[in-house]
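Coordinate inspection notes
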Amino acid sequence: MTYQRKRVVITGVGAITPVGLNAEDTWQNLIRGVSGVTRISRFDPNGLPVQIAAEVKGFEPERYIDAKAARRMARFIQLAVASAKMAVEDAGLTEPPADPFRYGVVMNTGGGGVAEIYDEALVFAERGPSRVSPFFAPSMISNMASCQVAMTFGYKGPVITSVAACASSMQSFVDAYYLIQRGDADVVIAGGTESAVSPLAIVALARTGAMSKRNDAPQQASRPFDRDRDGFVFGEGAGAFVLETEEHARARGARIYAELAGGAITCDAYHVTAPEPSGEAAAAAMRRALEVAGVRPEEVDYICAHGTATPLNDVSETRTIKLVFGRHAYRLAISSNKSMVGHLMGGAGAVSGLVCVMTIRDGIISPTINLDNPDPECDLDYVPNVARRANVRVAVANGFGFGGQNAVVVFRKYEA
């Protein structure tokens, strides 16, 4: 298939995270270095090896969704719909589309209704099969976030869900980009969502050995690239973006945040949880994303790192960046928002996308907090602890997931 290359622009943003119930509050708190990690409040974590998480607090789904409909949705779906509504309103697309088949949705997730599966399993075991909710099946299925967003706005074009673990919402940008490039849609809501803070999920992830156990110091627990890091902190939240062809956006006089210049995906094909040590497959994703975007490595100003704070990931990602950028790697500004919001798994890439867009807009780089003792093997500029002013024209976001899933996206300052 041949097609005419289109410019894809971002015209709306929405987010609900552990540090903000909208995109702007999230961004301002990230700049200030505010941590959203606390002792778990949704249930009693006593007896669990990990008792901390980055929870979304104060979210009222009824502000965005009819109360009856909200009760029938899993929390990850509620977060997706609410963030999408913010993005659509921000983009000024509140009127029903003239041609709904030209509008699509890619709202990805990693675990989907994992928390609801745990809750309903307890109901089944303790109260019997007749007490299991009739709305349980459509609550737990991963694609329901995309489908509920589509139903909310009446979008009848391509509606898809890709599950790629921690790279899920980063891959949503790539999927949406190519939907628009192929001419399948003029407008796509893209993003990711996750809400799986439950006893079973916490224990399961803790058993992998990848989670921080700093239960007595929650806000200092997530320490990307720090010598004393001991794992990631589980988080929840969602982010959504309105992507359009430049032609469509300009025709309606939309405000444009930035250009989604390109992206790419690869796989390590190495291990179910550990990154491939050489970083070659992740580097291939970064190189291909830059190639698609038409960007030379030396043109990149900032990288929003995957930066999980696990011993293996941070060293591997540092190695990957050096493979791609060579000497320019030491001139790049790099930071990890997971130091503040934890690891949102399927929603992580959406937060990184927000960071890149806002960094380009405002000319300020959010810091990596808790980076007090740099790991000698992580010797690049990770913008430790304090935000930094900088003119950022090109920003790259990395997303690396369990199973070796790699997704990389390039954002560029928009110029007509």
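All of the points below concern the structure found in this document. (Residues numbered from 1 in each chain as written. Predicted model: local features only at pLDDT ≥ 70, side-chain atom pairs only at ≥ 80, totals over all residues. Heavy atoms only, no water.)

1. Some thoughts on the nonpolar core
Using the following cut-off: Throughout, nonpolar core names a set of buried Ala, Val, Leu, Ile, Met, Phe, Trp, Tyr and Cys residues whose side chains join them through atoms within 4.5 Å. Burial classification: accessible surface area is computed with a 1.4 Å probe over protein chains only, and a residue below 20% of its type maximum counts as buried, one above 50% as exposed, and the rest as partly exposed.
In terms of nonpolar packing, the biggest core is built from 53 residues, with Ile10, Val13, Phe241, Leu243, Leu260, Tyr302 and Phe411 touching the most fellow members. The next biggest cluster of nonpolar side chains, apart from the first, holds 34 residues, and it includes Ala70, Ala82, Ala84 and Phe153.

2. Some points on the pattern of salt bridges
Rules: When a carboxyl oxygen of Asp or Glu is within 4 Å of a side-chain nitrogen of Lys or Arg, the pair counts as a salt bridge. Under the DSSP-based scheme used, a helix requires at least four consecutive residues in state H or I and a strand at least two consecutive residues in state E, with every element numbered from the N terminus.
A complete count under the given rule lists 23 salt bridges for this structure. Between Arg214 and Asp230 there is a salt bridge whose closest N-O contact spans 3.6 Å. Placement of Arg214 in the loop between α8 (199–207) and β7 (237–245) and of Asp230 in the loop between α8 and β7 is noted, with a sequence separation of 16 residues between them. A relative accessible area of 27% means that Arg214 is categorised as partly exposed. Using a relative accessible area of 26% as the deciding quantity, one classes Asp230 as partly exposed. Several salt bridges share partner residues, and in doing so they unite Arg7, Glu246, Glu259 and Arg412 into one network.

3. Quick look at the packing of helix α10 (residues 280–293) against helix α11 (residues 311–325)
The cut-off we apply is this: Angles shown run from 0 to 180 degrees and are taken between the N-to-C directions of axes, each axis being a line fitted to C-alpha atoms and, for helices, limited to the stretch in contact. The labels follow the angle: roughly parallel below 35 degrees, roughly antiparallel above 145, roughly perpendicular from 65 to 115, and oblique for the rest. Crossing chirality is assigned from the near helix's rotation relative to the far helix, an anticlockwise turn below a right angle marking it left-handed and a clockwise turn marking it right-handed. For this analysis, residues touch if any pair of their heavy atoms sits within 4.5 Å.
Packing of α10 against α11 brings their axes to within 9 Å, and their N-to-C directions diverge by 45°. In terms of axis orientation, α10 runs oblique to α11. For the element pair α10 and α11, the recorded crossing hand is right-handed. Contact residues: Glu280, Ala282, Ala283, Met286, Arg287 and Leu290 in α10; Thr320, Leu323, Val324 and Phe325 in α11.

4. Considerations on unusual backbone geometry
Of note, Ala309 is a non-glycine position whose phi angle comes to about 80°, a positive value. Note on placement: Ala309 falls in the loop between β9 (302–304) and α11. When its relative accessible area of 0% is taken as the criterion, Ala309 is described as buried.

5. Some thoughts on the pairing of strand β14 (residues 405–412)
Using the following cut-off: One bridge is not enough; two strands pair if DSSP finds at least two bridges between them.
With six of its eight residues buried, β14 lies for the most part within the structure. As paired elements, strand β13 (residues 394–401) and β14 share eight bridges and run antiparallel to each other. Opposite Val396, over in β14, you have Val410 as the bridge partner. From the end of β13 to the start of β14, which pair antiparallel, there are three residues, and Gly403 there has a positive phi angle of about 85°.

6. Section: the packing of aromatic side chains
What counts here: Two rings belonging to Phe, Tyr or Trp (six-membered ring only in the last case) form a pair when the distance between their centres is within 6.5 Å. Interplanar angles under 30 degrees mark stacking, angles over 60 mark edge-to-face geometry, and anything in between is tilted.
Taken as a whole and assessed by the stated rule, the structure comprises seven aromatic pairs. On the numbers, 5.5 Å between centres and 85° between planes, the contact of Phe173 with Phe411 is edge-to-face. Of the two residues, Phe173 sits in helix α7 (residues 168–181) while Phe411 sits in strand β14, which places them 238 residues apart along the sequence. Accessibility expressed as a relative area gives 0% for Phe173, which makes it buried. What makes Phe411 buried here is its relative accessible area of 0%. Taking 5.1 Å as the distance between ring centres and 90° as the angle between the ring planes, the aromatic pair formed by Tyr177 and Tyr178 counts as edge-to-face. Overall, Tyr178 belongs to the partly exposed group, its relative accessible area being 23%. Clustering of aromatic rings is evident, with ring pairs tying together Tyr103, Phe153 and Tyr155.

7. Re a nonpolar patch on the surface
We count it as follows: Note on patches: the residues involved have over 30% relative accessible area and no salt bridge, like charges join within 9 Å, and the nonpolar side chains Val, Leu, Ile, Met, Phe, Trp and Tyr join within 5 Å. Computed by Shrake-Rupley with a 1.4 Å probe, the accessible areas treat only the displayed protein chains as cover when residues are assessed.
Together, Ile117, Met140 and Ile141 make up an exposed nonpolar region whose accessible area comes to about 220 Å². Along the chain, the position of Met140 falls in helix α5 (residues 136–140).

8. Observations concerning the environment of Glu244
What counts is decided by this rule: We define a polar contact as two N or O atoms separated by no more than 3.5 Å, with the added condition that, inside protein, one atom must be a possible hydrogen donor and the other a possible acceptor, whereas residues neighbouring each other in sequence contribute only through side-chain atom pairs.
For Glu244, the location among the structural elements is in strand β7. Given a relative accessible area of 0%, Glu244 falls into the buried group. Residues Glu244 and Thr310, spaced 66 residues apart in sequence, show a C-alpha to C-alpha distance of 36 Å. Dropping the residues within four chain positions of it, Glu244 is found in contact with Arg7, Val8, Val9, Thr11, Leu93, Ile180, Asp186, Val187, Ala249, Arg252 and Ala254. At a separation of 2.7 Å, a polar atom in the side chain of Glu244 contacts the side chain of His248.

9. Re the pairing of strand β1 (residues 8–16)
When a strand is regular, its side chains alternate between the sheet's two faces. For β1, a buried count of nine out of nine residues is recorded, marking the element as mostly surrounded by other parts of the structure. Judged from the three bridges that link them, β1 and strand β8 (residues 258–267) form a sheet pairing that is antiparallel. In the sheet register, Ile10 faces β8, and the bridge partner there is Ala258. As judged from the eight bridges shared by β1 and β7, these two strands associate in the antiparallel manner. The partner of Gly12 across the bridge, within β7, is Val242.

10. Some words on α10
Heads up, the condition is: A helix is expected to span 1.5 Å for every residue after the first.
Its 14 residues give α10 an end-to-end C-alpha distance of 20 Å, which sits within 8% of 20 Å, the value for a rise of 1.5 Å per residue. Among the residues of α10, Ala281, Ala282, Ala283, Ala285, Met286, Ala289, Leu290, Val292 and Ala293 are the ones counted as buried. Where α10 is buried, its residues contact α7, β8, β9, α11, β13 and β14. Positive backbone phi, at 70°, marks Gly294, one or two positions downstream of α10.

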